[in-house]
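Close look at the chain arrangement
Listed below, chain by chain, are the residues.
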Protein chains: 2
Amino acid sequence: MRQGAASDSDRELRPKQKASAREILDAAATAFSERGYAATSIDDVADVLGCTKGRIYHYYRTKGDLFIGIHHQALEWALEAVGPPAERVDLDPAERLRQMVHQHALHLMNRSSYMGPAQYQIEMNLASEGRNKEAQMQKILSMRRQFEDLYVTVVKEGVAAKAFRDADVNLLVKAVLGAVNWMHAWFSPTEPKDSPAERERIAAEIAEFAVRGVVA
Amino acid sequence: MRQGAASDSDRELRPKQKASAREILDAAATAFSERGYAATSIDDVADVLGCTKGRIYHYYRTKGDLFIGIHHQALEWALEAVGPPAERVDLDPAERLRQMVHQHALHLMNRSSYMGPAQYQIEMNLASEGRNKEAQMQKILSMRRQFEDLYVTVVKEGVAAKAFRDADVNLLVKAVLGAVNWMHAWFSPTEPKDSPAERERIAAEIAEFAVRGVVA
DNA sequence: AGGAACATACTACCACGTAGGTTTTTCTTC
DNA sequence: GAAGAAAAACCTACGTGGTAGTATGTTCCT
């Protein structure tokens, strides 16, 4: 039974189906993170899985649906990582922002194959070419706004509380997101010194940098 | 007379040849910045120029050479933009860093078609597949190190002078570069309110954010 | 027995780079 | 300055290989 991207939630899949679809998504994320969307073939993804592309087309209608599905999953995880600290209105804004950036950076490192090329608008544009992508892309755009709004909200509240400096909030948020999102360009999970402790250290440093860039 | 990427400097070209090769590079930068390396065909580049791909192959040996040539030119410009403020040892480190980031951000906005996908390691990896790319890639890597060393040097000197906080210098530099380089993801030269003054404002804000993230 | 899951073979199209041809420009000779 | 030759610049057609997606067949699971 095939599906478009992100249609997991609008059709109940049996656990076995879900496990298979997810296994395919994981392999696709790995394959795409190495060579990008256009230069990765469906056969490449099948090679990672040790099967043939017929299996993939059984669960996903097109290559674009596969890629969009990855980004959808990445956004779900990103919201799960950053949502909880974003809701900590009991904390002062600086601490709240610090924890958001910290969790965001950890998430990026822990799910690096999902957080790679799908971040690029160019890749998403390519993947969404073709028919029947409007609904999925609307959902993706909505989730992106929701995610970015978490940051905009905390920065606005920080400015209002005079904990953050009174600058262009959207630019500050973009700079913060830049410091985090650019990590995919230099962080590699296969580095010899990579470890949970090293990831915590990196996340803390990136969070410290971002918060200091914003505080009053 | 054909060339690989970056061979401009190892063979004297007549002004007419240089102008043509440069016109092709500009068109290629525009085309690649829209769809990325793999999804852009040589025919697409020729369409931007209003000619056919035979003309392009007259000056560039392969598609990869064309793309690497763009990145080479981008790095030259980046060094030209950031080098002068980096050399201002008469300024204190914070002001020096501020001017470097400011010029870097302006450069990225003013040359956005050259600063797009070529920034991504994945794209460079794809373009450098194929024969006879080692020398060019060595040159590119050398220029990248030279560029990043400008930032590392100013941050190290700032730490030594106690103007910057004593943290992981390489991480701080990566965070700074992240805030700037991610601009290609959200800055668009075709936005209605784009103007030289708006670019100056954005560059100043990004520079302020970066410096504050680093100062003691 | 029937449907799901997956493999195989196929179609249609696209793209890189080349070879050969044509046109334009440059150079040499008178 | 003109004419002719040579080289450069560019165009067209082609060969080869690759890829997305489909149709059909086979195997496995319910």
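Our subject is the structure that appears above.
Report on the accompanying structure. (Residues numbered from 1 in each chain as written. Chains lettered and ligands numbered in written order. Predicted model: local features only at pLDDT ≥ 70, side-chain atom pairs only at ≥ 80, totals over all residues. Heavy atoms only, no water.)

**Re the interface of chain B and chain A**
Contacts between the two partners involve 39 residues from chain B and, on the opposite side, 39 residues from chain A. Note on chain B versus chain A: buried area summed over both sides is about 3,200 Å², and carbon and sulfur give 70% of it. When the buried surface of chain B facing chain A is broken down by residue, Leu171, Trp182 and Phe209 of chain B rank first, second and third, together holding 24% of it. At the junction of chain B and chain A, the tally comes to 5 salt bridges. Between Arg165 of chain B and Glu205 of chain A there is a salt bridge; the shortest N-O distance is 4.0 Å. Sorting the residues of the side of chain B that touches chain A by element identifies helix H1 (15-35), helix H6 (121-127), helix H8 (169-181), helix H9 (183-186) and helix H10 (196-214) of chain B as the ones contributing at least two each. In terms of residue count, H10 of chain B provides more of the side of chain B that touches chain A than any other element does, 10 residues in total. By residue class, the composition of the side of chain B that touches chain A is 22 nonpolar, 7 polar and 10 charged. (Contact = heavy atoms within 4.5 Å. Buried area = accessible area lost by both parts, 1.4 Å probe. Salt bridge = Lys/Arg side-chain N within 4 Å of Asp/Glu carboxyl O. Helix = DSSP H or I, 4+ residues; strand = E, 2+ residues; numbered from the N terminus. Nonpolar A, V, L, I, M, F, W, Y, C, P; charged D, E, K, R; others polar.)

**Digging into the relation of the copies chain B and chain A**
For these two chains of identical sequence, chain B goes onto chain A by a turn of 180° and a shift of 0.0 Å along the axis, with RMSD 0.0 Å. Here the transformation between the copies is reduced to the relation of a two-fold axis. Take the interface residues of chain B: 100% of them recur as interface residues in chain A, which is what a same-surface contact looks like. (Least-squares fit on C-alpha atoms with pLDDT ≥ 70 in both.)

**Some thoughts on helix H10 (residues 196-214) of chain A**
In this model, H10 of chain A (19 residues) spans 27 Å end to end at C-alpha, consistent with the 27 Å of a helix rising 1.5 Å per residue. Looking at the packing, one finds that the buried side of H10 of chain A touches helix H5 (93-110), helix H8 (169-181) and helix H9 (183-186) of chain A together with H8 and H10 of chain B. (Expected span 1.5 Å × (residues − 1).)

**A few points about the packing of aromatic side chains**
Residue and element names in this part refer to chain B. One pass over the structure, following the stated rule, counts 12 aromatic pairs over all chains. Here the aromatic rings of Tyr37 and Phe67 are separated by 5.0 Å at their centres, their planes lie at 70°, and the arrangement is edge-to-face. Here Tyr37, found in the loop between H1 and helix H2 (42-49), pairs with Phe67, found in helix H4 (residues 63-86); they are 30 residues apart in sequence, far enough to count as distant. Just as Tyr37 is buried, Phe67 falls in that class too. Relative to Tyr151, the ring of Phe147 has its centre 5.8 Å away and its plane inclined at 65°; by these criteria the two rings are edge-to-face. One end of the pair is Phe147 and the other is Tyr151, both in helix H7 (residues 134-160) and 4 residues apart, which spans about a single turn. In this structure Phe147 comes out as buried when scored by relative accessible area, which is 9%. Between Arg111 and the ring centre of Trp77, over which it is positioned, the NZ or CZ distance is 3.6 Å. (Phe/Tyr/Trp six-rings, centres within 6.5 Å; stacked < 30°, edge-to-face > 60°. Buried < 20%, exposed > 50% of the residue type's maximum accessible area, 1.4 Å probe, protein only. Lys NZ or Arg CZ within 6 Å of the ring centre and 35° of its normal.)

**Remarks on the protein's contact with DNA strand C**
Taken together, the neighbourhood of DNA strand C is formed by 17 residues, with Thr52 and His58 of chain A together with Ile42, Lys53 and Lys63 of chain B sitting nearest. When atoms of DNA strand C within 4 Å of the protein are split into backbone and base, the sugar-phosphate part holds 66%. At a separation of 3.3 Å, a phosphate oxygen of DNA strand C approaches a polar side-chain atom of Arg55 of chain A. At 3.3 Å from a phosphate oxygen of DNA strand C is found a side-chain nitrogen or oxygen belonging to Tyr59 of chain A. For the surface near DNA strand C, the secondary structure elements donating two or more residues are helix H1 (15-35) and helix H3 (53-59) of chain A together with helix H3 (53-59) of chain B. No other element matches the 4 residues that H3 of chain A contributes to the surface near DNA strand C. Looking at side-chain class alone, the surface near DNA strand C contains 5 nonpolar, 8 polar and 4 charged residues. (Near = heavy atom within 4 Å. Polar contact = N/O pair within 3.5 Å; in protein donor to acceptor, adjacent residues only side chain to side chain.)

**Some points on the packing of helix H7 (residues 134-160) of chain A against H8 of chain A**
Residues and elements named next belong to chain A. Interaxial distance between H7 and H8 falls to 9 Å at its minimum, and their mutual angle equals 125°. Compared by their axis directions, H7 and H8 come out oblique. Helix-helix and strand crossings are classified by hand; for H7 and H8 the assignment is right-handed. Facing Phe147, Glu148, Tyr151, Val152, Val155, Lys156 and Val159 of H7, the residues of H8 in contact are Val169, Asn170, Leu172, Val173, Lys174, Val176 and Leu177. Its residues placed into classes, the contact of H7 with H8 shows 10 nonpolar, 1 polar and 3 charged. (Axes fitted to C-alpha atoms, helices over the stretch in contact; angles between N-to-C directions. Parallel < 35°, antiparallel > 145°, perpendicular 65-115°, else oblique. Left-handed = near helix turned anticlockwise from the far one by under 90°.)

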